[in-house]
Amino acid sequence: MQCSTAIARGQNVDSSWDELNTAEKALLLQRQRCRRAQQKYRQKNNEKTLALEDAVVQLQKGIQHLKTKRSSSIPPPVSITTTPWKMLVEYFRFFRTGLDVPEQILHPTSPLCLDENHAQKKFLQMAMASDIAFNRGYGVDAMLEDWRVLTLHHKQHEIRLVRLDHDVDGMVVATLNNSTTITENMLRSSLPDLMCGGDPNKWHPLVRKLLEQCFMIPATVRFEWDDTRNRFVSAHYEADMLTPLLKLLGNLEDASIVLNSTLGIHYNCVAEDLSIFSL
């Protein structure tokens, strides 16, 4: 019965085809060719999409490999002729843009654990005393953690060494220019209550003024060198973010809001007397 039905259907198709004129047959054939061409086109697009996704994965792996390789490059050892000034030039070269680690390590969800061959860590161990004192604590690990916090909250940050001087008490004083650009992500992290939704027109006027502003923040660092240990034993920072903030915002109240947020975490000051705290 089923066989008879199939034969009947085949005969109906053949008879329907025979009843078509030449133009109608040509139109049907053209439609069939178009459908086959569309199927091939979709298949090629799918293959291209899969190939691109695979290429992106490979590129991401390659970038991560290069970052790891760069971080693992060992700085040259300290020679007998190394001076504190040479050490500081290298120090600010190594940390010009902050701590060089993958993005996921920056977020302080877990203790900072760097490989022993990490270039910046090795340099600090080489140049700084194990119990070095600085504004936010003691020791190389604490200093690396401090760099992590700075890099986390100031993604587009760059430190430029302007000059080195000898202080009257034998300290080496580094004069710096720090540049940082305030991005939307930085504002959402530091001043979330002032940003309502994704429409900038609804944000607080303060954050609208800050967005995409590039600040030049002058700073000084006083280093104490120990000749017997051939290392720095203290490093104390002072930075002036207040002056550029006042120039942009025009009032001390708004400037204090910024300095008391994570944007000012390394550039804090006391608003009452306008004195600048160290980093």
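Criteria and cut-off values
- Residues numbered from 1 in each chain as written.
- Predicted model: local features only at pLDDT ≥ 70, side-chain atom pairs only at ≥ 80, totals over all residues.
- Heavy atoms only, no water.
- Helix = DSSP H or I, 4+ residues; strand = E, 2+ residues; numbered from the N terminus.
- Buried < 20%, exposed > 50% of the residue type's maximum accessible area, 1.4 Å probe, protein only.
- Contact = heavy atoms within 4.5 Å.
- Areas by Shrake-Rupley, 256 points an atom, 1.4 Å probe, with all protein chains shown as cover.
- Pairing = 2+ DSSP bridges.
- Axes fitted to C-alpha atoms, helices over the stretch in contact; angles between N-to-C directions.
- Phe/Tyr/Trp six-rings, centres within 6.5 Å; stacked < 30°, edge-to-face > 60°.
- Lys NZ or Arg CZ within 6 Å of the ring centre and 35° of its normal.

- Per an unreviewed UniProt entry, the protein chain carries the name BZIP domain-containing protein and comes from Phytophthora fragariae.

### What to know about the overall build of the protein chain
Stage number 1. In terms of regular secondary structure, the protein chain is built from 10 helices and 8 strands.
Stage number 2. Here the protein chain holds 279 residues, and the buried ones make up 35% of them.
Stage number 3. For the protein chain, restricting intrachain contacts to residue pairs at least 6 apart in sequence, the fraction spanning at least 24 positions comes to 60%.
Stage number 4. Just so you have it, the protein chain exposes about 17,200 Å², and 54% of that area is on carbon and sulfur atoms.

### A few points about the sheet that holds strand E5 (residues 214–226)
Stage number 1. Across the sheet, which stays open at both edges, the 6 strands sit in the order E2-E1-E6-E5-E4-E3 with mixed pairing between neighbours. Edge positions in the open sheet fall to strand E2 (137–138) and strand E3 (157–166), since each of these has one partner strand only.
Stage number 2. Inspection of the sheet shows strand E1 (residues 128–134) paired to E2 by 2 bridges, in the antiparallel sense. Bridging across to E2, Ala133 finds its partner in Tyr138.
Stage number 3. The sheet strands contacting helix H3 (residues 84–94) are E1, E3, strand E4 (172–181), E5 and strand E6 (231–239), and the helix crosses E3 at an angle near 170 degrees.

### Thoughts on the packing of aromatic side chains
Stage number 1. Counted by the stated rule, this structure contains 9 aromatic pairs.
Stage number 2. Cluster of aromatic residues (ring-pair linked, three or more members): Tyr91, Phe92, Phe95, Trp147, Phe223, Trp225 and Phe232.
Stage number 3. The ring centre of Phe94 lies 4.8 Å from the NZ or CZ of Arg93, which sits over that ring.

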